[in-house]
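Summary of structural features
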Amino acid sequence: MYTLAGYDFDAHVHLYKWNDLNILLDVNSGAIHVLDELAFEFINSLIEYKGDFHRAMDICLTTYKQEEVEEMFKEILIAFESGALFTDPDDIIVDLSQMSVKALCLNIAHSCNMKCTYCFASQGDFGQKPALMSNEVGQQALDFLVKASGEIKNLEVDFFGGEPLLNFDVVKSIVKYGRQLEEKTNKNINFTLTTNSLLLTDEIMDFIIEEDISIVLSLDGRPETNDRNRILNNGTGTY
């Protein structure tokens, strides 16, 4: 009797119902199978009993006739042996050493002036000691981007954090350096800045407009929702 002991069904099989259809997606081959109720029950049992074909068939025999179960099992085996069901992932080797780079995300501030309850960055410091990127490191990053971009002309740089405006002087310096690189290399660097906007001033907004920097901003809806989640370091709301 066949067995799939050790097969990772969760990773490689997606079994679900859609309207009146029982659908199985074999993730690695991309094959989609529409199952009748018997086959659907069999696959469910096969998953439950960790690839034991014999036990899965016994479960089906309590409800269906033996000839029906045997016929279904033959069809399952045909799909299995043809590589359309319960397939293994390919060992894909990707050589990235020669791949050009067109974008960088600069974590320019490992610190934040907010303390959002859901923050994936541990309130901005990513679980590390709060720190700000130096101008030297930022310039080296742009040098790397230009060199690694190869023939790509249009490049992207995002200022990220934490809160990037905590390090605005370095943001300005890096943008200025980027404009110098554009003239030297005939490349275009499109800057974006991800911010909570609390530190925006007229000076900063004028600079953003002048340098055509795109802004990424997140908001949390109604005041009661916002102030429950998007809070300052002292716990007060930010709506």
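Let me sum up the structure you'll find in this document. This structure is a prediction, so every number in the text was calculated from the model and none was measured.

Quick look at unusual backbone geometry
- Note the cis peptide between glycine 161 and glycine 162, where omega equals 15 degrees.
- Checked against the element boundaries, glycine 162 lands in the loop between β6 (154–161) and α6 (168–185).
- With a phi angle near 55 degrees, aspartate 212 is a residue other than glycine that sits in the positive phi range.
- Topologically, aspartate 212 is positioned in the loop between α7 (202–210) and β8 (214–217).
- For aspartate 212, a relative accessible area of 64% puts it in the exposed group.

Focus on the pairing of strand β4 (residues 103–110)
- Where β4 meets β6, six bridges bridge the pair, whose relative direction is parallel. Bridging from a neighbouring strand, leucine 104 pairs with valine 157 of β6.
- Both β4 and strand β5 (residues 131–132) contribute to a ladder of two bridges, which runs antiparallel. Residue pairing in the sheet places alanine 109 in a bridge with leucine 132 of β5.

Description of α7
- Where α7 is concerned, the buried positions are Ile204, Phe207 and Ile208. Within α7, the buried residues cover an arc of 100 degrees as seen down the axis, which keeps them to one side. Along α7, exposed side chains directed more than 90 degrees from the buried face belong to Asp202, Asp206, Ile209 and Glu210.
- Of the surrounding secondary structure, the elements contacted by the buried residues of α7 are α6 and β8.
- Phi for aspartate 212, located one or two positions after α7, is positive at around 55 degrees.

Structural notes on the packing of helix α2 (residues 37–48) against helix α3 (residues 53–61)
- Two numbers describe how α2 lies on α3: the axes approach to 8 Å, and their chain directions differ by 135 degrees. The angle between the axes of α2 and α3 places the two elements in the oblique class. As for how α2 packs across α3, the hand of that crossing is right-handed. Of α3, the residues touching α2 (which contributes Leu38, Glu41, Phe42, Ser45 and Leu46) are Phe53, Ala56, Met57, Ile59 and Cys60.

Parameters and conventions
- Residues numbered from 1 in each chain as written.
- Predicted model: local features only at pLDDT ≥ 70, side-chain atom pairs only at ≥ 80, totals over all residues.
- Heavy atoms only, no water.
- Helix = DSSP H or I, 4+ residues; strand = E, 2+ residues; numbered from the N terminus.
- Buried < 20%, exposed > 50% of the residue type's maximum accessible area, 1.4 Å probe, protein only.
- Pairing = 2+ DSSP bridges.
- Arc of directions from axis to C-beta.
- Contact = heavy atoms within 4.5 Å.
- Axes fitted to C-alpha atoms, helices over the stretch in contact; angles between N-to-C directions.
- Parallel < 35°, antiparallel > 145°, perpendicular 65-115°, else oblique.
- Left-handed = near helix turned anticlockwise from the far one by under 90°.

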